[in-house]
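Working through the structure, step by step
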Amino acid sequence: MESTRHIPVIDISRDLAEVAPEIDAACRDTGFFCVTGHGVAPALLQRLDALAREFFALPEDEKAAIDMRRGGRAWRGWFPVGRELTSGAPDQKEGLYFGQELPPNERPLHGPNLFPARPADLRAAVLEYIDAVTQLGQRVLRATAVGLGLDEAWFERHLTRDPLVLFRIFHYPPLREGDERWSVGEHTDYGLITILAQDASGGLEVRGPGGWTAAPAIPDTFVVNLGDMLERMTGGRYKSTPHRVRNTGGADRLSFPLFLDPAWDAEVLPVPFHHTSHPDETERWDGASVHDWSGTYGDYLLTKIGRVFPDLRDEVL
């Protein structure tokens, strides 16, 4: 296992028995690691990156044809810089929200995607990418299960046979020198794991035991970080680590996070292993608890996303 500034780099192509202890160690330390040997073709990400840049370069009125307000309860489409909030502050990014391509659905965050007329090839690239990275995520979860002393199919059997898969493409314009705003403010993710591809611009920072650490872009790797549900399920043994982004590199930055989460109606309970008691909740970035609630994952997620787009929440949820 290599390390880059305390972010482990793990070859996921090896036997799960070899990979699992390394993932377990990373999950107990920072809750962040990078994976190589993932099997996702570099050409696919290159094609997606080029198409995304073509879209974000379009005039705003053309991008607004797929504004998220047109996506309804499916919560899909484009939003402009400043509309998405983190801890109440506008993020300095614009983005595209996608998910699994589904028929119209009464459940929030389920349904058809909104794709732009230009570039026409973006639709196929997005759907191919979602499928490929979801498969990678399931392999990471199999290794995570083994690291917890469970059988490798535990997550799929209990939580991810029909997972909620959400995918974003974010565009971060460069911030001027002296601009103290954040491209994305400090936050944690909500579900199980996030699998992130990023361009070479840098700017992602992770808060670990020793403070904030840069998570540099390493060619042909994905960054994996844990969400709130893994912290909840393991009683705090695994960390849902705060992270943030500031793009001061002078060029446009793109990132491609895919969120592999429990099924919408799954009840997220502790995993059956000997685990520690809950950590001091004042250590969490928002002072909230991932332990002191009950219900389904969908219930938890709705309370969170409503704070990210409060105007959209009031309109469609």
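In what follows, the structure referred to is the one given above.
Let me begin by describing the structure that accompanies this report. Quick caveat: nothing in here was measured; it's all calculated off a predicted structure. (Residues numbered from 1 in each chain as written. Predicted model: local features only at pLDDT ≥ 70, side-chain atom pairs only at ≥ 80, totals over all residues. Heavy atoms only, no water.)

Considering the overall build of the chain
The following threshold applies: Working definition: helices are DSSP H or I runs of at least four residues, strands are E runs of at least two. Numbering for both runs from the N terminus. Radius of gyration here uses only the C-alpha atoms, and the compact-globule reference equals 2.2 Å multiplied by the residue count raised to the power 0.38. Burial classification: accessible surface area is computed with a 1.4 Å probe over protein chains only, and a residue below 20% of its type maximum counts as buried, one above 50% as exposed, and the rest as partly exposed. Surface accessibility follows the Shrake-Rupley procedure with a 1.4 Å probe radius. Residue values consider only the protein chains on display as shielding.
Looking only at helices and strands, the chain features eight helices and 15 strands. At 18 Å, the chain has a C-alpha radius of gyration in line with the 20 Å of a compact globule built from 317 residues. For the chain, the spread of C-alpha atoms along the principal axes amounts to about 55 × 40 × 35 Å. Counting across all 317 residues of the chain, residues that qualify as buried make up 56%. About 13,300 Å² of surface is accessible on the chain, with carbon and sulfur atoms providing 50% of the total.

Here's the deal with the packing of aromatic side chains
The test is simple: Pairing of aromatic rings covers Phe, Tyr and Trp, the last through its six-membered ring, and needs centres within 6.5 Å; plane angles under 30 degrees mean stacked, over 60 mean edge-to-face, and all others mean tilted.
Evaluated as defined, the whole model comprises twelve aromatic pairs. When the ring of Phe 55 is compared with that of Phe 56, the centres are 5.5 Å apart and the planes differ by 70°; the resulting orientation is edge-to-face. By relative accessible area, which is 1% here, Phe 55 ends up buried. Where Phe 170 meets Tyr 172, the ring centres are 6.3 Å apart and the plane angle is 70°; that geometry is what we call edge-to-face.

Structural notes on the pattern of salt bridges
Note that side chains of opposite charge can pair when their charged atoms are close. As a reminder, the rule being used: Note on definitions: salt bridges are taken to be side-chain nitrogens of Lys or Arg within 4 Å of carboxyl oxygens of Asp or Glu.
Tallied over the entire structure, the rule returns 16 salt bridges. When the shortest N-O distance is used, the salt bridge between Arg 14 and Glu 22 registers 2.8 Å. Overall, the relative accessible area of 15% leaves Glu 22 in the buried class. The salt bridge involving Arg 118 is made with Glu 62; its shortest N-O contact spans 2.6 Å. Here Arg 118, found in the loop between β7 (94–99) and α4 (122–147), pairs with Glu 62, found in helix α3 (residues 60–63); they are 56 residues apart in sequence, far enough to count as distant. Note on Glu 62: relative accessible area 27%, which makes it partly exposed. Members of the salt-bridge network, linked through shared partners, are Asp 24, Arg 28 and Arg 237.

Considering helix α2 (residues 42–56)
The condition that has to hold: Helix span, expected: 1.5 Å multiplied by one less than the number of residues in the helix. Contact between two residues is taken to exist if any of their heavy atoms lie within 4.5 Å; hydrogens are not considered.
With 15 residues, α2 extends 21 Å from end C-alpha to end C-alpha; this agrees with the ideal 21 Å at 1.5 Å per step. Every buried residue of α2 is listed here: Leu 44, Leu 48, Asp 49, Leu 51, Ala 52, Phe 55 and Phe 56. Among the structural elements, α3, β4 (77–79), β7, α4, β8 (164–172) and β15 (253–261) are those in contact with the buried residues of α2.

Remarks on the nonpolar core
Going by this rule: For the purposes of this section, nonpolar cores are sets of buried Ala, Val, Leu, Ile, Met, Phe, Trp, Tyr and Cys residues that join through side-chain atoms within 4.5 Å.
Core analysis: the largest hydrophobic core is formed by 93 residues, its most contacted members being Phe 155, Phe 167 and Ile 169. Per-element accounting of this core gives the leading share, twelve residues, to α4. Those residues within four positions of Ile 169 in sequence are excluded, and the remaining contacts are Leu 48, Ala 52, Phe 56, Glu 94, Gly 95, Leu 96, Phe 98, Val 126, Ser 255 and Phe 256.

Remarks on unusual backbone geometry
Of the consecutive residues Arg 118 and Pro 119, the connecting peptide bond is found in the cis state with omega at -10°. Take Pro 119: it is sitting in the loop between β7 and α4. The backbone of Trp 75 sits at a positive phi, close to 60°, despite the residue not being glycine. Along the chain, the position of Trp 75 falls in the loop between α3 and β4. Judged by its relative accessible area of 2%, Trp 75 is buried. The phi torsion at Ser 87 lies on the positive side, around 55°, for a residue other than glycine.

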